[in-house]
Amino acid sequence: MHKDIAAVILAAGKGKRMKSDVPKILHPLCERPMLEYVMDLVEALAIKRKILVLGENHLLIEKQIKKRKGWEIVIQKRQLGTADAVKTTDNLLKGFKGELLILYADHPLFRKETIRKLIEHQQRENLDLTLLTAVVKRPKGYGRIIRDKWGNISEVLEEDKLNEYQKRIKEINLGVYCCKKESLFSVLNQIKRNNRQKEFYLTDAVGLLYKKNALIDAVKIINTDEALGVNSYADLARANRIIQERIIERLLSEGVKIIDPFTTFIAYTTQIGKGSVIYPFTIIEKDVKIGKNCSIGPFAHIRPGTVIEDKVVLGNFIEVVRSRIKSNSRAKHFSYLGDAIIGRDVNIGAGTVTANFDGKKKNRTVIKDKAFIGSDTILIAPLRIGKNAVTAAGSVIPHHHNVADNQIVLGVPARPIKK
Ligand code: UD1
Ligand code: MG
């Protein structure tokens with residue numbers, strides 16, 4: 001189906017409304033940059049030609065996506081609007097006679113089934129242009145779909161061009177277009193600079209095509225949770241919530257028990273095994289892997305680079321980062337575990353801290369199987385605690401003062417005692 005389609009993502013805009021130094025499309029949603037969701041979508045549709053239009057921040061963005069294969073990148077030197085952005089693909093697409101799928105990088109919520117429907121409609125009906133639209137309660141800020149008396153789409157008007165009657169139109173343009181490349185390019189040069197923003201609006205192509213009697217139609221989306229475009233921090237927060245709900249729904253269906261989805265934060269790339277329970281007010285960041293039948297939280301903070309094996313219990317106010325915790329181990333009350341490798345069946349007492357940072361670098365703590373770390377132990381890394389070893393409550397263990405297997409240590413600084 002997608003043989004003669006080239007996908008073009010417009011990502012060169014400045015995102016001024018965000019008032020941020022970070023390019024808008026690199027702002028993360030559940031810890032994944034917004035642009036990556038749109039690129040994932042195009043890749044999931046198995047479209048052969050994939051083109052990305054970038055602007056002045058292109059180096060930063062290219063660095064972010066360098067692992068992706070098969071993308072052609074063009075640079076729009078001056079951000080003169082969405083029509084101008086499409087024009088920058090002119091050279092790349094010389095001789096290309098198929099269809100274009102144009103998407104905006106600030107719409108990260110579309111599902112692939114939705115876009116597939118759009119492409120299928122365009123191809124089945126052999127149209128010049130198919131737009132993706134939605135009927136929403138709050139259309140303000142979006143381009144509105146203007147229809148003639150027969151209900152055909154005759155124009156898309158941006159907010160600044162609407163009269164009072166048109167402002168009440170609730171059908172909006174979602175910035176996804178599937179069109180015959182040649183039809184669109186035949187009118188691109190006729191688009192004039194818009195008065196107010198001094199930009200060339202891609203949406204003006206719709207009116208121009210209508211005047212040429214081109215065949216235009218729309219596919220209306222049903223799930224309006226896909227419709228949100230991100231132009232401000234308020235939109236970003238809403239999109240974040242929607243993606244968070246999708247992540248949590250997936251995990252619930254995979255057999256992870258999340259007690260309170262509203263107070264649980266789980267990043268996009270997190271993996272959690274079935275039978276695990278996540279208690280309220282828990283934050284699980286990206287690059288975290290949690291095994292089966294674990295119990296995490298409430299109020300736990302699991303940070304990047306952490307692997308938790310099966311049947312591990314991490315309770316109230318535990319912070320873990322860049323660590324591995326092997327099966328059956330538990331840390332039930334307020335502790336900090338950083339750069340640690342913790343064996344099986346280890347008990348971490350309340351208030352245990354791995355002092356991993358010496359002011360210059362992070363150091364490693366290794367705790368072997370079945371060790372018992374008493375409450376309020378400070379483990380100054382680098383440090384190794386042997387198998388079955390015990391640290392008494394309140395011990396402070398200086399760095400390199402490794403504790404041998406089966407040894408008991410006590411005090412400040414900790415010293416071995418007889419069994
Ligand atoms: C656009 C549409 C509007 C639609 C809305 C959906 C136009 C003129 N308007 O408005 O009808 O309802 O999206 O969210 O298209 N970009 C470039 N180069 C530029 C300008 C923009 O690549 O010179 C890119 C941006 O990075 C962005 C996308 O195009 O990803 C859309 O630009 P944006 O300024 O956000 O358009 P909206 O005002 O949201
Ligand atoms: Mg936008």
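None of these values were measured; they are calculated from a predicted model.

### Remarks on the domain arrangement of the protein
And then number 1: If you check the domain split of the protein, you get domain 1 (5-227) and domain 2 (256-416).
And then number 2: On a C-alpha basis, the centres of domain 1 and domain 2 stand 47 Å from each other.
And then number 3: Listed by partner, the interface residues are five residues for domain 1 and six residues for domain 2.
And then number 4: Contact between domain 1 and domain 2 buries roughly 490 Å² in total, counting both sides, with carbon and sulfur atoms accounting for 57%.
And then number 5: On the domain 1 side of the contact with domain 2, Cys30, Glu31 and Arg32 bury the most area, a combined 85% of that side's loss.
And then number 6: Between the two partners, domain 1 and domain 2, sit zero salt bridges.
And then number 7: If you look at where domain 1 meets domain 2, you find two residue pairs in polar contact (both at pLDDT 80 or more).

### So, the site of ligand 1
And then number 1: Surrounding ligand 1, one finds 23 residues, the nearest of these being Gln76, Tyr104, His107, Glu158 and Asn173.
And then number 2: Taking Lys24, its side chain carries an N or O atom lying 3.5 Å from an oxygen atom of ligand 1.
And then number 3: Within the side chain of Tyr104, one N or O atom sits 2.7 Å away from an oxygen atom of ligand 1.
And then number 4: Considering ligand 1 on its own, with 760 Å² of exposed area, one finds that the protein chains cover 92% of that surface.
And then number 5: Of all the elements in the fold, those that place two or more residues in the shell around ligand 1 are strand E1 (5-11) and helix H3 (82-87).
And then number 6: By residue class, the composition of the shell around ligand 1 is nine nonpolar, 10 polar and four charged.

### Things to note about unusual backbone geometry
And then number 1: Following Ala381, the chain continues into Pro382 via a peptide bond in cis, with omega recorded as 0°.
And then number 2: Note that Pro382 resides in the loop between strand E29 (378-380) and strand E30 (383-385).
And then number 3: A cis geometry characterises the amide bond from Val412 onward to Pro413, with omega recorded as -10°.
And then number 4: Looking at where Pro413 falls in the secondary structure, it is placed in the loop between strand E33 (408-410) and strand E34 (415-417).
And then number 5: You will see that Lys19, though not glycine, has its phi angle at about 55°, which is positive.
And then number 6: When you line up the elements, Lys19 lands in the loop between E1 and strand E2 (28-29).
And then number 7: In the Ramachandran plot, His400 falls in the positive-phi region, its phi being about 65° despite a non-glycine side chain.
And then number 8: With respect to the helices, strands and loops of the structure, His400 is situated in the loop between strand E32 (396-397) and E33.

### Regarding the sheet that holds strand E24 (residues 340-342)
And then number 1: The seven strands are arranged E14-E17-E20-E22-E24-E27-E30 in an open sheet whose pairing can be described as parallel. Of all strands in the sheet, those with a lone pairing partner are strand E14 (271-272) and E30, marking the two edges.

### Here we look at the pairing of strand E10 (residues 171-180)
And then number 1: Of all the 10 residues making up E10, nine are buried; the element is thus mostly covered by neighbouring parts of the structure.
And then number 2: Sheet topology note: the strand E6 (residues 99-104)/E10 ladder contains four bridges and is antiparallel. The residue bridging Leu100 from the neighbouring strand is Cys179, located in E10.
And then number 3: Summarising the sheet, strand E7 (residues 129-135) and E10 pair through six bridges and their orientation is antiparallel. Bridging across to E10, Leu129 finds its partner in Cys179.

### Observations concerning the pattern of salt bridges
And then number 1: Enumeration according to the criterion identifies 22 salt bridges in this entry.
And then number 2: Salt-bridge contacts for Arg32 lead to Glu36; the nearest nitrogen and oxygen are separated by 3.9 Å. Comparing Arg32 with Glu36 shows no difference in burial state: the two are buried.
And then number 3: Arg238 is paired through a salt bridge with Asp235; the nearest N and O atoms lie 3.1 Å apart. Placement of the pair is Arg238 and Asp235 together in helix H7 (residues 233-253), with a separation of three residues, close to one helical turn.

### Here's the deal with the packing of helix H5 (residues 181-188) against helix H6 (residues 204-211)
And then number 1: Two numbers describe how H5 lies on H6: the axes approach to 9 Å, and their chain directions differ by 100°. With respect to each other, H5 and H6 are oriented roughly perpendicular. Between H5 and H6, the residues in contact are Ser183, Leu184 and Val187 and Ala205, Leu208 and Leu209, respectively.
And then number 2: Each residue belonging to the contact of H5 with H6 can be placed in one class, and the counts come to five nonpolar, one polar and no charged.

### Thoughts on the coordination of the magnesium ion (ligand 2)
And then number 1: Summarising the metal site, the magnesium ion (ligand 2) is bound by the protein donors Asp106 (OD) and Asn231 (OD1), whose distances to it range over 2.0 to 2.4 Å. Taken together, the residues Asp106 in the loop between E6 and helix H4 (112-125) and Asn231 in the loop between strand E11 (216-220) and H7 connect sequence positions 125 residues apart.
And then number 2: According to the relative accessible area criterion, Asp106 is buried, its value standing at 14%.
And then number 3: The buried category is assigned to Asn231, whose relative accessible area is 18%.

### Looking at the environment of Thr203
And then number 1: When you line up the elements, Thr203 lands in the loop between H5 and H6.
And then number 2: We classify Thr203 as buried; its relative accessible area is 5%.
And then number 3: It is 25 Å that separates the C-alpha atoms of Thr203 and Trp71, two residues lying 132 residues apart in sequence.

Criteria and cut-off values
- Residues numbered from 1 in each chain as written.
- Chains lettered and ligands numbered in written order.
- Predicted model: local features only at pLDDT ≥ 70, side-chain atom pairs only at ≥ 80, totals over all residues.
- Heavy atoms only, no water.
- Domains from an automatic or database assignment.
- Contact = heavy atoms within 4.5 Å.
- Buried area = accessible area lost by both parts, 1.4 Å probe.
- Salt bridge = Lys/Arg side-chain N within 4 Å of Asp/Glu carboxyl O.
- Polar contact = N/O pair within 3.5 Å; in protein donor to acceptor, adjacent residues only side chain to side chain.
- Near = heavy atom within 4 Å.
- Areas by Shrake-Rupley, 256 points an atom, 1.4 Å probe, with all protein chains shown as cover.
- Helix = DSSP H or I, 4+ residues; strand = E, 2+ residues; numbered from the N terminus.
- Nonpolar A, V, L, I, M, F, W, Y, C, P; charged D, E, K, R; others polar.
- Pairing = 2+ DSSP bridges.
- Buried < 20%, exposed > 50% of the residue type's maximum accessible area, 1.4 Å probe, protein only.
- Axes fitted to C-alpha atoms, helices over the stretch in contact; angles between N-to-C directions.
- Parallel < 35°, antiparallel > 145°, perpendicular 65-115°, else oblique.
- Donors = N, O, S within 2.8 Å, 3.2 Å for Na, K, Ca; no water.

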